[in-house]
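Each chain is listed here by its residues.
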Amino acid sequence: MTAGTGEQVTDADLAARLPQDPELFTEVHDRYFAAIYRYVAGRLDAQTAEDIAAETFLVAFDRRDTFDPERGEVRVWLFGIATNLVARHRRKEARHYRALARVSVAPAVEGHESRVVASVAARMLLPRLANALSRLSAGERDVLLLVALGQLGYEEVAAALGISSGTVGSRLNRARKKLNFILTPEALDE
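Residues numbered from 1 in each chain as written. Predicted model: local features only at pLDDT ≥ 70, side-chain atom pairs only at ≥ 80, totals over all residues. Heavy atoms only, no water.

With an unreviewed UniProt entry as reference, the protein is termed RNA polymerase subunit sigma-70, source organism Amycolatopsis keratiniphila subsp. keratiniphila. We quote the UniProt Sequence similarities (unreviewed entry) comment for the protein here in full: "Belongs to the sigma-70 factor family. ECF subfamily." (UniProt positions renumbered as here; feature names shortened; annotations may be inferred.)

Shown next as structure tokens:
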């Protein structure tokens, strides 16, 4: 919304006016903070995710003059910044996934049978998934998590990471193949 008028500001308007009108950045923050936070929280712990999500908007505000609407939407630009900030924490992220893979599974205690079954299945799968994620290359992990957690399309991921959509497709395909063994019924029965 624009201040006082009640009109919705489109992403194209935001992109065009952002360098000249810093007040519009409040709209950018309000519109996209939750999505950026969810994406980062899916990759890192909640406190770090909060810090990185906030830092994403600080970096974006500082670099608003360099935003190029030709490269993509504001949302995609923010996901690119967030991904770059997460890359700084890459070693911590990999250690986190390796630690999750070592965690023993404690049985869930709940009253509702279907929730118990779902919870136990998820808890049993988490160490395998975490281990598999730690074994992906950084590029594969970035693409997979931008699609899965950020809910970005191929073109948006390509713009966020500064790679071609073909590279997005091949990295996603490789990541899915590497993770496929986790999703097979045989792997779940082990």
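Caption draft 1: The arrangement of the nonpolar core in detail. In this structure, Val 28, Ile 36, Val 40, Val 74, Trp 77 and Leu 78 are the most contacted members of the largest nonpolar core, which totals 43 residues. Looking at this core, the elements with two or more residues in it are helix H1 (11-17), helix H2 (25-41), helix H3 (46-62), helix H4 (74-88), helix H6 (113-135), helix H7 (138-148), helix H8 (154-161) and helix H9 (165-183). The greatest single-element share of this core, amounting to nine residues, is contributed by H4. In terms of domain composition, this core takes at least three residues from each of domain 1 (8-112) and domain 2 (114-189). Dropping the residues within four chain positions of it, Leu 78 is found in contact with Val 28, Tyr 32, Ile 36, Thr 56, Phe 57 and Ala 60. (Core = buried A, V, L, I, M, F, W, Y, C linked by side-chain atoms within 4.5 Å. Buried < 20%, exposed > 50% of the residue type's maximum accessible area, 1.4 Å probe, protein only. Helix = DSSP H or I, 4+ residues; strand = E, 2+ residues; numbered from the N terminus. Domains from an automatic or database assignment. Contact = heavy atoms within 4.5 Å.)

Caption draft 2: Up close: the pattern of salt bridges. The full count for this structure, using the stated rule, is six salt bridges. Among the ionic pairs, Arg 17 bridges to Asp 21, the shortest N-O distance being 3.8 Å. A residue is classified by how much of its surface remains accessible, and Arg 17, at 34% relative accessible area, is partly exposed. A relative accessible area of 25% means that Asp 21 is categorised as partly exposed. Measuring nitrogen to oxygen at the nearest pair gives 2.9 Å for the salt bridge that ties Arg 43 to Asp 142. Highlighted residues: Arg 43 in the loop between H2 and H3 and Asp 142 in helix H7, separated in sequence by 99 residues. (Salt bridge = Lys/Arg side-chain N within 4 Å of Asp/Glu carboxyl O.)

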